[in-house]
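Residues per chain are reported as follows:
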Amino acid sequence: MIYKKFTTFRTEQKGAILYVTFDYPPVNIQDIPMLADLTMLSQKLERDSDTKVVVFQSAHPEIFVAHADVDFLKDMSTHAVHQGEVKLLDLQVVLERVSRLPQATIAKIEGFARGGGHKFALACDMRFAARGKARFMQMEVAMGILPCGGGASRMARQAGLGRALEIILSAKDFDADQAAEYGTINRALDPQEIGPFVDSLAERISLWPSAAINACKQAVYASIDKPIEDALKEEAYWLYQATSQTAAIKRFQNAYDSDVENDMTAQRNWDQIVIDVQSIV
Amino acid sequence: MIYKKFTTFRTEQKGAILYVTFDYPPVNIQDIPMLADLTMLSQKLERDSDTKVVVFQSAHPEIFVAHADVDFLKDMSTHAVHQGEVKLLDLQVVLERVSRLPQATIAKIEGFARGGGHKFALACDMRFAARGKARFMQMEVAMGILPCGGGASRMARQAGLGRALEIILSAKDFDADQAAEYGTINRALDPQEIGPFVDSLAERISLWPSAAINACKQAVYASIDKPIEDALKEEAYWLYQATSQTAAIKRFQNAYDSDVENDMTAQRNWDQIVIDVQSIV
Amino acid sequence: MIYKKFTTFRTEQKGAILYVTFDYPPVNIQDIPMLADLTMLSQKLERDSDTKVVVFQSAHPEIFVAHADVDFLKDMSTHAVHQGEVKLLDLQVVLERVSRLPQATIAKIEGFARGGGHKFALACDMRFAARGKARFMQMEVAMGILPCGGGASRMARQAGLGRALEIILSAKDFDADQAAEYGTINRALDPQEIGPFVDSLAERISLWPSAAINACKQAVYASIDKPIEDALKEEAYWLYQATSQTAAIKRFQNAYDSDVENDMTAQRNWDQIVIDVQSIV
């Protein structure tokens, strides 16, 4: 797949990993061109089973994605609507599409990610942030609105209700360590660590079959939306989707020596077996 | 709104913040008069858009709200009921009403909050607890029942399943640091810090438009109850509710200099911009 | 109830606690005999109100339950199925049954618990792990599949979406402290602490009425699957189930001196009251 002609970010393909680097001076604003770029990117990624991991990062030394364009507010209806007639907002549609991508998505946050920038990060599968550099904020309540690109909808799925409400109602900056403590990010890392950490994670995930990556993602997201009985059915469904779409499972069976199962040394180094089998098949 | 004639707490209005101080010797028991007071308080708050934040605290040096009146048990039916004919219990109704208030609610916990006292805290939006003073417990299982004022229903929404089950099945005291680690409270603070911290948070939230505060709350609570597609619709619905009910958004647009968007110094101090705009509009 | 004739674990009854010790050399593999044993165990436990707590542990010095038998993969269909025709997998059925047991279940993890071993632990109510000994991993994605014994469905209920996705997509080993930080276990304990800690917790829970233990469990699990209004109804339903099935509540009322309610010393030691009343009734 060719990833070109974007206005607000540039891309670099390294094997099965696509690095998407926001580079939209002066502050990586989340405006109509950026949403258009994210839509075009998603269209391509949805059809690209060679790309297994997408890492989102920024070329700006201080900013990940600053926030949504405040001009969005100018076009906003001030009429109340009935609950039945509500349509999703453009920002919601774009970020939900990002969230459902078949690839594993990682937000590598080394600067400000406020408002829409933070909502974008929440739509990725995993978030890692650099200490002393990343700053988060949902300031919408202060502007008379709410975090409306999935910010209100996704926060408590990461951090639990009370902490989600504090973040959204306080409209206050918080840093990487606070974010890790509250659970909005996976972990906080030192600035010199975050690059190698994310690279290593992305390279590891890029070894796995793309159908299995997608199956894992969809089953985990469904698990939060559904009662456990339905979640288990969805899990079984995605298992069959994965096994029918990839030959990896048969190859794993063949490459894997079942005597290994009873070998204590193998049990200790199962991690290595998994990697070895991947390199063989 | 006049907040008077309560038996079990007293109130103090400071601008848009209402401080509700439980003062019901000897131990702030959660009995019929307290539930009646909370119902009357909720009725008033539901119609009061001038009050934006409610802080619940206690006048007792050792107790927040001790626990529910054990006399409640005397009136309890010992007949099993069919699932279709179950009606909500009084305590559930009152605490659910507190949970849905349009105001941001903060529990400032500086003493024992066991049983119903803890359930009350869980029905607030945010919880902060003082180290060395706050003590939590759900002892209901030991009494042959379960935490039935939303205690069983709300715990895992804060702390995840495993830790919620441990708290409820162990029926054991735990302190502020344990509560923060398990996620039942937002954070543990030193006794001399908790007052200024909660005041400052309440004052900050009291700057925001009341319709936006309510919209944020309702969207976040809905997000946990609904699949993501429906949660996003609810989020969009509350966005329109907020923008139709407040002029703040238009005033924000006017007061906010869009050149600020491209100014790095402004990006670093977005927090200050938000506060400044609030003071202008 | 007689707990005998198991192939893959042995049992020891201590009062109302059943210790189930996996002892299936060489590595406690989760295969058909182990699933058959877990099914037979569940059948018995479902009818045994004398047993109130089940502790799962391992006789192996390095392994809790190694992982599911890789031979399961050989029988796996490689045909895609439609979402409507999906049936639960055997492993899902067995672990969901363990999850719904009326007893409080504790996984005491002092060795490797990868793949199906980890899924088994996630199906227990509580998980405690020994530092330096416990190792977790979901390696399924690397094998072209997904964690399909409830692993994908249960992880985010403990750890939130982002961390669940990292664990499942990275297919990487993690230790007890990481597990506690991510929330997949209740807490990490030093190797010499974990035995006494779990014994003490199990003994404490074994004091409570079995109907109340079950009511607490079912209400908490339901709370995560249902919107809050329905969760509260389920909570009320289980309250009536508990009060109709146990005389403990009446005995508690009689044994409990209501003057205690107003006594500060008693409030400080409510924990002791609860235990004392249990020993009287």
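Residues numbered from 1 in each chain as written. Chains lettered and ligands numbered in written order. Predicted model: local features only at pLDDT ≥ 70, side-chain atom pairs only at ≥ 80, totals over all residues. Heavy atoms only, no water.

**Remarks on the relation of the copies chain C and chain A**
In plain terms, the rule: Residues reaching a pLDDT of at least 70 in both copies supply the C-alpha atoms on which the copies are superposed by least squares. We call two residues in contact when some of their heavy atoms are within 4.5 Å.
With an RMSD of 0.0 Å, the operation that places chain C on chain A is a rotation of 120° combined with a shift of 0.0 Å along the axis. Between the two chains, the operation in question is that of a three-fold axis. Different-surface contact between copies: only 2% of interface residues of chain C are shared with the interface of chain A.

**Section: the sheet that holds strand β8 (residues 135-137) of chain A**
Residue and element names in this part refer to chain A. Threshold: Should DSSP find at least two bridges between two strands, the strands are regarded as paired. In DSSP terms, a helix is any run of H or I states spanning at least four residues, a strand is any run of E spanning at least two, and both are numbered starting from the N terminus.
Across the sheet, 4 strands lie side by side as β4-β6-β8-β9; this open sheet has mixed pairing. The open sheet has two edge strands, β4 (63-65) and β9 (174-175), and neither has a second partner. Looking at chain direction, β4 and strand β6 (residues 112-114) are connected through 2 bridges and run parallel. Bridge assignment links I63 to a residue of β6, and that residue is F112.

**Description of the packing of aromatic side chains**
Put simply, the test is: Ring geometry is summarised as follows: Phe, Tyr and Trp rings, the Trp one being its six-membered ring, pair when their centres sit within 6.5 Å, and such pairs are stacked at plane angles under 30 degrees, edge-to-face over 60 and tilted between the two. Relative accessibility thresholds used throughout: buried, under 20% of the residue-type maximum; exposed, over 50%; partly exposed, between the two (1.4 Å probe, protein chains only). In our convention, an over-ring charge means Lys NZ or Arg CZ found within 6 Å of a ring centre and within 35 degrees of that ring's normal.
Counted according to the given criterion, the structure contains 33 aromatic pairs over all chains. Centroid distance F128 of chain B to F197 of chain B: 5.0 Å. Interplanar angle 55°. Geometry classified as tilted. One end of the pair, F128 of chain B, is in strand β7 (residues 126-130); the other, F197 of chain B, is in helix α7 (residues 191-205), and 69 residues separate them in sequence. A relative accessible area of 0% means that F128 of chain B is categorised as buried. With a centroid separation of 5.4 Å and an interplanar angle of 85°, the aromatic rings of F22 of chain C and F120 of chain C are classed as edge-to-face. Residue F22 of chain C is located in strand β2 (residues 17-22), and its partner F120 of chain C is located in helix α3 (residues 116-123); the two are separated by 98 residues in the primary sequence. F120 of chain C shares its class with F22 of chain C; the two are buried. Clustering of aromatic rings is evident, with ring pairs tying together F6, F9, F22, F56, F64 and F120 of chain A. Lying across the ring of Y19 of chain A, K14 of chain A places its NZ or CZ 4.9 Å from the centre.

**A closer look at the domain arrangement of chain A**
Interfaces are often sized by the accessible area lost when the parts come together. Residue and element names in this part refer to chain A. What counts, and what does not: Note that domain bounds follow an automatic or database assignment of domains. Buried area: the accessible surface (1.4 Å probe) lost by two parts on joining, summed over both. Just to be clear on terms, a salt bridge is a Lys or Arg side-chain nitrogen sitting within 4 Å of an Asp or Glu carboxyl oxygen. Here a polar contact is recorded for every N or O atom pair within 3.5 Å, except that within protein the pair must consist of a potential hydrogen donor and a potential acceptor, and residues adjacent in sequence are included only if both atoms are side-chain atoms.
Under the domain assignment, chain A is made up of domain 1 (9-205) and domain 2 (210-279). A separation of 28 Å is found between the C-alpha centroids of domain 1 and domain 2. Listed as interface residues are 16 residues of domain 1 and, on the opposing side, 10 residues of domain 2. For domain 1, the biggest contributors to the area lost against domain 2 are P102, R157 and R204; these three give 45% of the whole. The interface formed by domain 1 and domain 2 includes 3 salt bridges. D225 serves as the salt-bridge partner of R157, at 2.9 Å between the closest nitrogen and oxygen. Remark: the boundary between domain 1 and domain 2 carries 9 residue pairs in polar contact (both at pLDDT 80 or more).

**Overview of the interface of chain B and chain C**
Using the following cut-off: Three classes are used: nonpolar for Ala, Val, Leu, Ile, Met, Phe, Trp, Tyr, Cys and Pro, charged for Asp, Glu, Lys and Arg, and polar for all others, with Gly counted as polar.
Taken together, the contact between chain B and chain C spans 64 residues of the former and 63 residues of the latter. Ranking the residues of chain B by area buried against chain C places L146, L161 and L169 of chain B at the top, with a combined share of 12%. Seen at the junction of chain B and chain C, the total is 3 salt bridges. One salt bridge in this structure joins R187 of chain C and E166 of chain B, with 2.8 Å as the shortest N-O distance. For the pair chain B and chain C, the number of links is 29 residue pairs in polar contact (both at pLDDT 80 or more). Where the side of chain B that touches chain C is concerned, the elements lending two or more residues are α2 (90-99), β6 (112-114), α4 (151-159), α5 (161-170) and α6 (176-182) of chain B. Sorting elements by how many residues they give to the side of chain B that touches chain C places α5 of chain B first, with 9 residues. Looking at side-chain class alone, the side of chain B that touches chain C contains 33 nonpolar, 17 polar and 14 charged residues.

**Focus on the sheet that holds strand β7 (residues 126-130) of chain A**
All names here are of chain A. Stated precisely, the cut-off is as follows: Convention adopted: a line fitted to C-alpha atoms gives each axis, helices being fitted over their contacting stretch, and angles between N-to-C directions are expressed from 0 to 180 degrees.
The 6 strands lie next to each other as β1-β2-β3-β5-β7-β10, forming an open sheet whose pairing is mixed. Edge positions in the sheet fall to β1 (9-14) and β10 (187-189), since each of these pairs with one other strand and no more. Each adjacent strand pair in this sheet contributes to an overall mean axis angle of 20°, direction not counted. Pairing between β7 and β10: 3 bridges, direction parallel. Among the inter-strand pairings, F128 is bridged to a residue of β10, identified as R187. Contacts from helix α7 (residues 191-205) reach β2 (17-22), β3 (53-58), β5 (104-109), β7 and β10, with the element oriented near 160° to β7.

**Side note on the interface of chain C and chain A**
Taken together, the contacts link 64 residues of chain C with 63 residues of chain A. Here chain C packs against chain A, burying approximately 5,500 Å² in sum over the two surfaces, 64% of which is carbon and sulfur. Counting across the interface, chain C meets chain A through 3 salt bridges. Measuring nitrogen to oxygen at the nearest pair gives 2.8 Å for the salt bridge that ties R268 of chain A to E62 of chain C. Here chain C is connected to chain A by 29 residue pairs in polar contact (both at pLDDT 80 or more). Among the elements of the structure, α2 (90-99), β6 (112-114), α4 (151-159), α5 (161-170) and α6 (176-182) of chain C are those that each provide at least two residues to the side of chain C that touches chain A. Per-element tally for the side of chain C that touches chain A: the top contributor is α5 of chain C, with 9 residues. Its residues placed into classes, the side of chain C that touches chain A shows 33 nonpolar, 17 polar and 14 charged.

**Some points on the pattern of salt bridges**
On inspection of all chains with the given rule, the structure shows 48 salt bridges over all chains. In this structure, R131 of chain A engages D190 of chain A in a salt bridge whose closest nitrogen and oxygen atoms are separated by 3.0 Å. Here R131 of chain A is found in the loop between β7 and β8, whereas its partner D190 of chain A is found in the loop between β10 and α7, with 59 residues between them in sequence. The exposure class of R131 of chain A is partly exposed, given its relative accessible area of 30%. On the accessibility criterion, D190 of chain A (29% relative accessible area) is partly exposed. Beyond isolated ion pairs, a larger network of salt bridges with shared partners links E96, R100 and R154 of chain A together with E229 of chain B.

**Overview of the side chain of E234 of chain B**
Mapping E234 of chain B onto the fold places it in helix α9 (residues 228-245). Assessed through its relative accessible area of 11%, E234 of chain B is described here as buried. Among the polar contacts made by the side chain of E234 of chain B, one reaches the side chain of K226 of chain B at a distance of 3.0 Å. Leaving out residues up to four positions away in the same chain, E234 of chain B has contacts with Q83 of chain A together with A222 and K226 of chain B.

**Focus on the pairing of β7 of chain A**
The side chains of a regular strand alternate, residue by residue, between the two faces of the sheet. Residue and element names in this part refer to chain A. Most of β7 sits out of view: 5 of its 5 residues are buried. Both faces of β7 are covered, namely the face carrying M126, F128 and A130 and the face carrying R127 and A129. Pairing geometry for β5 and β7, over 4 bridges, is parallel. Looking at the pairing, A107 lines up with R127 of β7.

**Quick look at α5 of chain B**
Residue and element names in this part refer to chain B. A large share of α5 lies buried, amounting to 10 of its 10 residues. Residues of α5 that are buried: L161, G162, R163, A164, L165, E166, I167, I168, L169 and S170. Backbone geometry just after α5 places A171 at a positive phi near 50°.

**A closer look at the packing of helix α8 (residues 210-225) of chain A against α4 of chain C**
Condition: Here is the rule for angles: anything less than 35 degrees is roughly parallel, anything more than 145 is roughly antiparallel, 65 through 115 is roughly perpendicular, and the remaining ranges are oblique. A crossing counts as left-handed when the near helix is turned anticlockwise from the far one by less than a right angle, and as right-handed when that turn is clockwise.
Here α8 of chain A crosses α4 of chain C at 55°, and the two axes come no closer than 8 Å. In terms of axis orientation, α8 of chain A runs oblique to α4 of chain C. The chirality of how α8 of chain A crosses α4 of chain C is right-handed. Each of A219, V220, S223 and I224 of chain A in α8 of chain A lies in contact with α4 of chain C, whose residues at this interface are A152, S153, A156 and R157 of chain C.

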